[in-house]
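# Structural overview
Now for the letters of each chain:
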Amino acid sequence: MTVTLEVADGVGTLRLDRPPMNALDVATQDRIKELAEEAARREDVRAVVIYGGEKVFAAGADIKEMQLMDHAAMVLRARALQDSFTAVARIPKPVVAAVTGYALGGGCELALCADYRIAGDNAKLGQPEILLGLIPGAGGTQRLSRLIGPAKAKDLVFTGRQVKADEALALGLVDRVVPAAEVYEAAHAWAARLAKGPALALRAAKEAIDTGLETDLETGLAVERSWFAGLFATEDRERGMRSFVEEGPGKAKFL
């Protein structure tokens, strides 16, 4: 399998495994969608790590495969390509990308679908599609501009240049940089901590933030208000408040 889902202690690791560069061919894209939807459904998965291995995250699409596709073929495929990545973005649980080596093109777009990105000091990210006479087609023009702002996104998309980990951090493209050998450990620790949190509240927070980014302030506030009130019906809210009153902040244990 080119992608696997391994689950332990509430953390699901969505592992890309298509040597040597984890090129994202059609079969891999479809597998990503399948396993992202599985991770979303499974109650034993409470947080997700996306990982490409010690050497590379994903160097992009399979260009040899794409070269054989004409306009008609890509018209039929483009939506499925986007849907495979959107399935990751819609996992209603905390998702962290553990980025080592290259995360280019589709690889960068996959990392953009995570809630948080931890990069190794050997990471290189970018959207080089313009160098092929194309534009990003798996969400790059949309998610990148929302993350780092339109001007910075246009610079990366227009030039197709790659940025190293330190510049990616300065741009806001990644959120933390660690030694390459520690990337997965750091990402797993981030996910494991949140896997112990209140699942419904984390889901609510993610949906409220993501929905708010896509709509106007009034609508975003309405979504927040609805979730906020709804969480008062949960056992986690009762447990969290009771623990705060009896033991002080930060000591609640959630099921």
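The paragraphs below set out a description of the structure included in this document.

Cut-off values and rules
- Residues numbered from 1 in each chain as written.
- Predicted model: local features only at pLDDT ≥ 70, side-chain atom pairs only at ≥ 80, totals over all residues.
- Heavy atoms only, no water.
- Helix = DSSP H or I, 4+ residues; strand = E, 2+ residues; numbered from the N terminus.
- Buried < 20%, exposed > 50% of the residue type's maximum accessible area, 1.4 Å probe, protein only.
- Polar contact = N/O pair within 3.5 Å; in protein donor to acceptor, adjacent residues only side chain to side chain.
- Contact = heavy atoms within 4.5 Å.
- Pairing = 2+ DSSP bridges.
- Axes fitted to C-alpha atoms, helices over the stretch in contact; angles between N-to-C directions.
- Phe/Tyr/Trp six-rings, centres within 6.5 Å; stacked < 30°, edge-to-face > 60°.
- Patch = residues over 30% accessible without salt bridge, like charges linked within 9 Å, V, L, I, M, F, W, Y side chains within 5 Å.
- Areas by Shrake-Rupley, 256 points an atom, 1.4 Å probe, with all protein chains shown as cover.
- Salt bridge = Lys/Arg side-chain N within 4 Å of Asp/Glu carboxyl O.
- Left-handed = near helix turned anticlockwise from the far one by under 90°.
- Nonpolar A, V, L, I, M, F, W, Y, C, P; charged D, E, K, R; others polar.

A word on the side chain of Arg117. Positionally, Arg117 belongs in strand S6 (residues 116-120). By relative accessible area, which is 3% here, Arg117 ends up buried. Looking at Arg117, its side chain comes within polar contact range of the main-chain oxygen of Leu173, at 3.0 Å. Apart from residues lying up to four places away in sequence, Arg117 is in contact with Ala97, Ala111, Leu112, Leu147, Leu173, Val174, Asp175 and Arg176.

Taken in spatial order, the three strands make up an open sheet running S5-S7-S8, and their pairing is mixed. Two strands in the sheet have a free side with no partner beyond their single neighbour: strand S5 (102-104) and strand S8 (162-164). When strand polarity is set aside, the average angle formed by the axes of neighbouring strands in this sheet is 20 degrees. Strand direction decides the pairing type here: strand S7 (residues 124-126) and S8, joined by three bridges, are antiparallel. Residue pairing in the sheet places Lys124 in a bridge with Lys164 of S8.

The general pattern is negative phi for most residues beyond glycine and trans for most peptide bonds. Pro20 follows Pro19 through a cis peptide bond whose omega is 0 degrees. Looking at where Pro20 falls in the secondary structure, it is placed in the loop between strand S2 (11-16) and helix H1 (26-41). The residue Asp9 is not glycine, and still its phi comes out positive at about 55 degrees. For Asp9, the position within the fold is in the loop between strand S1 (3-8) and S2. The phi angle at Asn22 is positive, at roughly 55 degrees, despite the residue not being glycine. Along the polypeptide, Asn22 turns up in the loop between S2 and H1. Look at Asn22 and you get buried, because its relative accessible area is 4%.

So, on to the packing of aromatic side chains. To describe a pair of aromatic rings, you give the distance between the ring centres and the angle between the ring planes. Within the structure shown, the criterion is met by three aromatic pairs. With a centroid separation of 5.1 Å and an interplanar angle of 5 degrees, the aromatic rings of Tyr116 and Trp190 are classed as stacked. Linking Tyr116 in strand S6 with Trp190 in helix H8 (residues 183-195), this pair joins segments that are 74 residues apart in sequence. What makes Trp190 partly exposed here is its relative accessible area of 23%. Ring centres of Phe228 and Phe232 lie 5.5 Å apart, and the angle between their planes is 75 degrees; this geometry places the pair in the edge-to-face category.

The next point concerns a nonpolar patch on the surface. A cluster of nonpolar residues, Ile63, Leu132 and Leu134, forms a patch on the protein surface that exposes about 260 Å² of accessible area. Among the secondary structure elements, Ile63 is positioned in helix H2 (residues 63-67).

It is worth spelling out the packing of H1 against helix H3 (residues 71-89) at this point. Any two packed helices are characterised by how steeply their axes cross, that is the angle between the axes, and by the distance between the axes. Direction vectors running N to C along H1 and H3 enclose 40 degrees, while the axes themselves pass 8 Å from each other. The handedness of the crossing between H1 and H3 is left-handed. Note on element contacts: H3 touches H1 through Arg77, Leu81, Asp83, Ser84, Ala87 and Val88, opposite Val26, Gln29, Asp30, Ile32, Lys33, Ala36 and Glu37. In terms of residue class, the contact of H1 with H3 is made up of six nonpolar, two polar and five charged.

The next thing to look at is the pattern of salt bridges. Taken as a whole, this structure holds 14 salt bridges when the rule is applied. Among the ionic pairs, Asp44 bridges to Arg42, the shortest N-O distance being 2.8 Å. With relative accessibility at 27%, the residue Arg42 sits in the partly exposed group. Two residues, Lys206 and Asp115, come together in a salt bridge whose shortest N-O distance is 3.0 Å. Placement of Lys206 in helix H9 (residues 199-214) and of Asp115 in the loop between helix H4 (106-112) and S6 is noted, with a sequence separation of 91 residues between them. Classification of Lys206 by relative accessible area gives buried; the value is 11%. Given a relative accessible area of 31%, Asp115 falls into the partly exposed group. One network of salt bridges, in which partners are shared, links Arg18, Asp25 and Asp62.

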